[in-house]
Amino acid sequence: VFQKWVNREISNFDYLIQLNTMAGRTYNDLAQYPVFPWILRDYTSEELDLNNPAVFRDLSKPIGVVNEKNAKTVKEKYENFEDPLGMIDKFHYGTHYSNAAGVMHYLIRVEPFTTLHIQLQSGRFDCADRQFHSIPAAWQALMDNPNDVKELIPEFFYFPEFLENQNGFNLGQLQMSKEVVNDVVLPKWAHSSEDFIYKHRKALESEYVSAHLHEWIDLIFGYKQRGPAAVEALNVFYYCSYEGAVDLDALTDEKERKALEGMINNFGQTPCQL
């Protein structure tokens, strides 16, 4: 697969899907859903210029520190973390780039995710301000908040329907602007959800991304996932998210095991290292 990708016989999209599959990610498990990168950082221009490197996200950095300003906070958190019991290793992020709640967040407008979201929120929609209501606003939130580290899901590159409230769900209104949450607000350069998907997919297959995608793959699936390389790259997550970090079979206390299983399921899991 790798050789085919290097020779450009398969697209970046197909290569990412295959890596996700090899790393145990599947559409059948929200806790291990395929993970895709944010690839753009320009959500405000009238036109999207894919020949300009400045419109792309820096793929060599975890999404939490793509904004330089967050790097200091994230580093300090790691350096100052101490677990009195000595069980929990230091980490940069107490949240994760891929988890069930994040998948439901993006796919809230389509079933069965709408129902799953409502179940997760004890029988109603979460408050409107926390909904996925705008792509530019979602990117801005990532830039402002080092604790928000959600990457994307494959649907952002092929499935325009998830951006439209075709079922007419009442998702509430935003507190400040009183704006009703309906279809997802798109970047200025996208004229419709189909247009967004078309341009976003084109961006994924662009020259710039083809030349830099391996940097992101190293962080998510490769050698910068753990160990000294991960520390240096500001890419260490909570210990429970790593494969093999917890031996559930060794836990004899049923309650404790259930609690830990629940945490791992909800918190997010780092893909198997390839």
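Residues numbered from 1 in each chain as written. Predicted model: local features only at pLDDT ≥ 70, side-chain atom pairs only at ≥ 80, totals over all residues. Heavy atoms only, no water.

For the chain, an unreviewed UniProt entry supplies the name NBEL1 protein and the organism Lanius ludovicianus.

Draft legend 1. Quick look at the overall build of the chain. Each helix and strand counted, the chain has 10 helices and 0 strands in total. The secondary structure elements of the chain, listed N-terminal to C-terminal, are α-α-α-α-α-α-α-α-α-α. Radius of gyration (C-alpha) of the chain: 19 Å, near the 19 Å computed for a compact globule of 274 residues. With the C-alpha coordinates aligned to their principal axes, the bounding extent of the chain is approximately 55 × 50 × 35 Å. (Helix = DSSP H or I, 4+ residues; strand = E, 2+ residues; numbered from the N terminus. Rg over C-alpha atoms; globule rule 2.2 N^0.38 Å.)

Draft legend 2. How the structure looks around the nonpolar core. The biggest cluster of nonpolar side chains holds 76 residues, and the ones touching the most others in it are Trp-38, Ile-135 and Phe-156. Listed by contribution, the elements that provide at least two residues to this core are helix 2 (12-22), helix 3 (68-80), helix 4 (100-106), helix 6 (135-144), helix 7 (193-204), helix 8 (207-220) and helix 10 (254-267). Per-element accounting of this core gives the leading share, 6 residues, to helix 8. With residues up to four places along the chain from it excluded, the contact list for Trp-38 reads Tyr-43, Arg-57, Leu-59, Ile-63, Tyr-106, Ile-135, Ala-138, Trp-139, Leu-142, Lys-150, Glu-151 and Leu-152. One finds Phe-125, Leu-171, Leu-174 and Val-181 within the second-largest nonpolar core, a separate group that totals 6 residues. (Core = buried A, V, L, I, M, F, W, Y, C linked by side-chain atoms within 4.5 Å. Buried < 20%, exposed > 50% of the residue type's maximum accessible area, 1.4 Å probe, protein only. Contact = heavy atoms within 4.5 Å.)

Draft legend 3. Up close: the pattern of salt bridges. One pass over the structure, following the stated rule, counts 10 salt bridges. Residue Lys-199 is joined to Asp-195 by a salt bridge in which the shortest nitrogen-to-oxygen separation is 2.9 Å. Within this pair, Lys-199 and its partner Asp-195 are both found in helix 7, separated by 4 residues, close to a single helical turn. Since its relative accessible area comes to 19%, Lys-199 is described here as buried. Lys-258 serves as the salt-bridge partner of Glu-254, at 3.4 Å between the closest nitrogen and oxygen. Here the residue Glu-254 and the residue Lys-258 both occupy positions in helix 10, the gap between them amounting to 4 residues, near one helical turn. Glu-254 sits in the partly exposed class, given a relative accessible area of 43%. (Salt bridge = Lys/Arg side-chain N within 4 Å of Asp/Glu carboxyl O.)

Draft legend 4. Region of the structure containing the packing of helix 2 against helix 8. Relative orientation of the contacting elements helix 2 and helix 8 amounts to 15°, with a least axis distance of 11 Å. Judged by the angle between their axes, helix 2 and helix 8 are roughly parallel. Between helix 2 and helix 8 the crossing geometry is right-handed. Across from Asn-12, Tyr-15, Leu-16 and Leu-19 in helix 2, the residues of helix 8 making contact are Val-209, Ser-210, Leu-213, Trp-216 and Ile-217. Residues belonging to the contact of helix 2 with helix 8 are distributed by class as follows: 7 nonpolar, 2 polar and no charged. (Axes fitted to C-alpha atoms, helices over the stretch in contact; angles between N-to-C directions. Parallel < 35°, antiparallel > 145°, perpendicular 65-115°, else oblique. Left-handed = near helix turned anticlockwise from the far one by under 90°. Nonpolar A, V, L, I, M, F, W, Y, C, P; charged D, E, K, R; others polar.)

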